[in-house]
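Each chain is listed here by its residues.
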Amino acid sequence: MRPGHSQFPFSRRPEDVYSRDGLRLPTVEVLLAAPRGFCAGVRRAIQAVRDALELHGAPIYVRHAIVHNDAVVSELEREGAIFVENLADVPRGSVVIFSAHGVSPAIAREAQRHGLRAYDAVCPLVAKVHREVERYHRGGRHVVMVGHAGHVEVAGTLGHLPDGTASVVSSREDVSALPFAADEPLAFVIQTTFSTGEAADIVAALNERFSDLAAPRTSDICYATTNRQLALRTIAPAVEAVIVAGASFSSNANRLAELARETCRSVQLIDSADSLQWNALPILGGRIGLTAAASTPESTVDEILAALSRRYRVSVREVASVVETQQFAPLPIGPA
Ligand code: SF4
């Protein structure tokens, strides 16, 4: 079974019904968004930790949560990974992996100074944004990053630029507050997990205000974010409640929850089935939408479906908006 693929013990054909005690349970149809869950960047980063554990042996240190999901982190901890925020906490000579969110070059230099063997599991699509900001900076443009200030991906990207040569905006108001003349040479990039709708609005505001604004050749919002948001947009208007499986500290999970709230009054973002808020689900039955953020394993979706099946007669209909084929080459893990 491929990583991230469903291990739920039932097929998901629409006519399937799961219940413990039959007809007394209210009936819900779960519209399961597709695509959902692990993206190619997350799979690659998790595999890099496992490959490093196999080659170098435990412990392997990982700077920051390899992906923003506690279940994934706990599983890797059981396999021998140790997660740290600070390289000073990594013993000299150890192996360290940088998370999929990317790091600034200063972190790579720090690892070298500490005598660490470092692997960078940055997602290739985040690395693409790193190259963009460097190119814009070389071209003499101030970089405006559309993103959430303080997010680890944004911090890593800005770390590729000297201080004072980039700004972060996350709203039209932030664009209005930028201290530049209308003809200042600027360029924008976007956090890979930003909301596609909000990004379009902010980029429109930038174009309205600035006349010399360079743009990325292709969208910085990655395929996985775009596809998961599109899939949820397809089902959210048709359900009474939406469940987003994901961590509260995951950017792409939060964007999914925000997007669902645009069309559905009852939305919950939960990291496990234990956190289900039953009073936010339809009492008499109906339709529930279910999706999972790019860092959420399919096992969490399965657990939520299993929990629902204990309270409802559940039929599951997968609603596929896009077929994803994106894969990334594994991160080379070699002998020291
Ligand atoms: S969400 Fe997008 S940018 Fe982030 S790891 Fe996945 S593919 Fe890469």
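On a predicted model such as this, the values are computed, not experimentally measured, just so you know.

**Observations regarding the nonpolar core**
Nonpolar side chains in soluble globular proteins tend to end up buried together.
1) Next: With 36 residues, the main nonpolar core has Val49, Ile66, Val67, Leu76 and Ile97 as its most contacted residues.
2) Next: With eight residues, the top contributor of residues to this core is helix H1 (residues 40-56).
3) Next: In contact with Ile97, other than residues within four places in its own chain, are Ala48, Val49, Ala52, Ile60, Tyr61, Val62, Arg63, Ile66, Tyr119 and Ala121.
4) Next: Among the nonpolar cores identified, the runner-up in size contains 21 residues, and Leu32, Ala292, Ala307 and Leu308 belong to it.

**Details of the pattern of salt bridges**
1) Next: Counting across every chain of the model gives 14 salt bridges.
2) Next: Here Asp220 makes a salt bridge to Lys128, at a shortest N to O gap of 2.9 Å. One end of the pair, Asp220, is in the loop between strand S9 (213-214) and helix H8 (223-235); the other, Lys128, is in helix H4 (residues 124-138), and 92 residues separate them in sequence.
3) Next: Overall, the relative accessible area of 3% leaves Asp220 in the buried class.
4) Next: In this structure Lys128 comes out as partly exposed when scored by relative accessible area, which is 24%.
5) Next: Counted as one network, the salt bridges with shared partners bring together Glu29, Arg287 and Arg317.

**Describing the site of the ligand**
1) Next: By nearness alone, every residue bordering the ligand is listed as Cys39, Gly41, Val42, Cys123, Val126, Thr192, Cys222, Tyr223 and Ala294.
2) Next: Its residues placed into classes, the shell around the ligand shows seven nonpolar, two polar and no charged.

**Details of H1**
Every α-helical turn comprises 3.6 residues, leaving residues that sit three or four positions apart pointing alike.
1) Next: With 17 residues, H1 ought to run about 24 Å at 1.5 Å a step, and its terminal C-alpha atoms sit 24 Å apart, in line with that.
2) Next: When H1 is considered as a whole, its buried residues turn out to be Ala40, Gly41, Val42, Arg44, Ala45, Ile46, Ala48, Val49, Ala52 and Leu53.
3) Next: Buried positions along H1 lie against strand S2 (60-63), helix H2 (70-79), strand S3 (81-84), strand S4 (95-98), H4 and H8.
4) Next: Gly57 sits one or two positions beyond H1 and adopts a positive phi of about 85 degrees.

Reading the values: rules and limits
- Residues numbered from 1 in each chain as written.
- Predicted model: local features only at pLDDT ≥ 70, side-chain atom pairs only at ≥ 80, totals over all residues.
- Heavy atoms only, no water.
- Core = buried A, V, L, I, M, F, W, Y, C linked by side-chain atoms within 4.5 Å.
- Buried < 20%, exposed > 50% of the residue type's maximum accessible area, 1.4 Å probe, protein only.
- Helix = DSSP H or I, 4+ residues; strand = E, 2+ residues; numbered from the N terminus.
- Contact = heavy atoms within 4.5 Å.
- Salt bridge = Lys/Arg side-chain N within 4 Å of Asp/Glu carboxyl O.
- Near = heavy atom within 4 Å.
- Nonpolar A, V, L, I, M, F, W, Y, C, P; charged D, E, K, R; others polar.
- Expected span 1.5 Å × (residues − 1).

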